[in-house]
Amino acid sequence: MKRKPNKPRPEPWSQTGPTDPGGGAADPGGSAFGAGSEKQSGATANVSLENFVLTLGESQLGPVTVDLRTNAHILLGGVTGSGKTVLLKVLLRQAIDKGAKVYIADFKGGVDFKSWFRENCYMSYDMDTTLETLAEWENELDRRKTLLRDSNCSNIDEYNAMFTETKLHRWAFACDEIAMMLDKTGQSKEQKEKIDKASAVLSLLACQGRSFGLHLILATQRPDANVMPAQVRSNIDYRVCGRADSILSSIIIDSTAAAELIPKNAKGLFMLNDSSGRDTSATVFKSYILPDGAN
Ligand SMILES: Nc1ncnc2c1ncn2[C@@H]1O[C@H](COP(=O)(O)OP(=O)(O)OP(=O)(O)O)[C@@H](O)[C@H]1O
Ligand SMILES: [Mg+2]
């Protein structure tokens, strides 16, 4: 894992003007991530300033957003080249600018995450380091359970409203291709045991992370049952699908709409299946991209 310095960060949507580095109080767990800002200075019209509402892109109906307080976890699916990594980085960038501590497991070696991400996130490129990360997450889940129980709070927002000097930061665990991390095909017995351990922690976080501000943002070309534990998939209620065949589209958004409505050569076009009750069934949106230098 690589630690990053706490320094003012440029806006994701413009290359001028750093964000306000103040505003977030220290995490009582002593997070090395540093204090993040809930405020964003000089933000453009595209970025939601509401607490932990992240903007994915725009459809003809307007900006497409996700509120991590209600949709705690996100699954991004689509075939190769559909734009998953670009969208993942857009989401993570905003989460970091809102003060989240972000971990990225990238079993493709980290080449898609250039210096900005490597300096501002915890990165892991192999199973052993990722298991260390997940052990830290498991401990943090337990720690937050105790903190919230002892203070009679039912979620992180209540806790942070009560303890303004010792706010808890939201954490996001991102994996750019979950199949590369969890596929047991052809693996040794020892490696399979490690994959089982990683799957178990991801399942725990998917089930219990929401109230404690612990979020999963997972991307994959292959979300089938062999690589994606059922408990993880069933607890991710905000799902986004890019270009896909009808099977992939059905697995991700429970309909074949992405296969039917997103053209075969499209990059950065996505459809949603969220649990907000909005009718997004026929809405294709274009994801945002980060400017050079914000990657
Ligand atoms: N919103 C967008 N607008 C324009 N181009 C885009 C957009 N999103 C992605 N692209 C283009 O599509 C290319 C592929 O995107 P990306 O690497 O995110 O795909 P992917 O789904 O992660 O593929 P893989 O599964 O192989 O990793 C990018 O290099 C970029 O050029
Ligand atoms: Mg990718």
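Because the structure is predicted, anything quoted here is derived from the model rather than measured.

1. Considering the environment of K286
Residue placement: K286 occurs in strand β10 (residues 284-287). In the structure, K286 is positioned 223 residues away from P63 in sequence and 9.5 Å away in space, judged by C-alpha atoms. Apart from the residues lying within four places of it in its own chain, the contact partners of K286 are G57, E58, G268 and L269.

2. Things to note about the site of ligand 1
If you check the shell around ligand 1, you find 14 residues, and the closest are T80, G83, T85, K267 and G268. The set of elements that each furnish at least two residues to the shell around ligand 1 consists of α1 (84-97) and β10. Among the elements that line the shell around ligand 1, the one with the most residues is α1, at three residues. Looking at the shell around ligand 1, its residues break down into two nonpolar, nine polar and three charged.

3. What about the nonpolar core?
One finds L91, V102 and A174 to be the most contacted residues of the largest nonpolar core, which totals 74 residues. Here this core gets seven residues from one element, more than from any other, and that element is α1. When near neighbours in sequence (up to four residues on either side) are disregarded, V102 contacts L92, A95, I96, C121, A172 and A174.

4. Side note on helix α3 (residues 127-150)
In this model, α3 (24 residues) spans 34 Å end to end at C-alpha, consistent with the 34 Å of a helix rising 1.5 Å per residue. M127, T130, T133, L134, W137, E140, R144 and L148 are the residues of α3 that are buried.

5. What about the pairing of strand β1 (residues 53-59)?
Sheet topology note: the β1/strand β2 (residues 62-67) ladder contains six bridges and is antiparallel. Its bridge partner lying in β2, V53 is registered against D67. Connecting β1 to the next strand, β2, in antiparallel fashion are two residues.

Definitions and limits used
Residues numbered from 1 in each chain as written. Chains lettered and ligands numbered in written order. Predicted model: local features only at pLDDT ≥ 70, side-chain atom pairs only at ≥ 80, totals over all residues. Helix = DSSP H or I, 4+ residues; strand = E, 2+ residues; numbered from the N terminus. Contact = placed C-beta atoms within 7 Å. Near = placed C-beta within 6 Å. Nonpolar A, V, L, I, M, F, W, Y, C, P; charged D, E, K, R; others polar. Core = buried A, V, L, I, M, F, W, Y, C linked by C-beta atoms within 7 Å. Buried ≥ 20, exposed ≤ 12 C-beta atoms within 10 Å, placed from the backbone. Expected span 1.5 Å × (residues − 1). Pairing = 2+ DSSP bridges.

Purely spatial values, then, with no claim about function.
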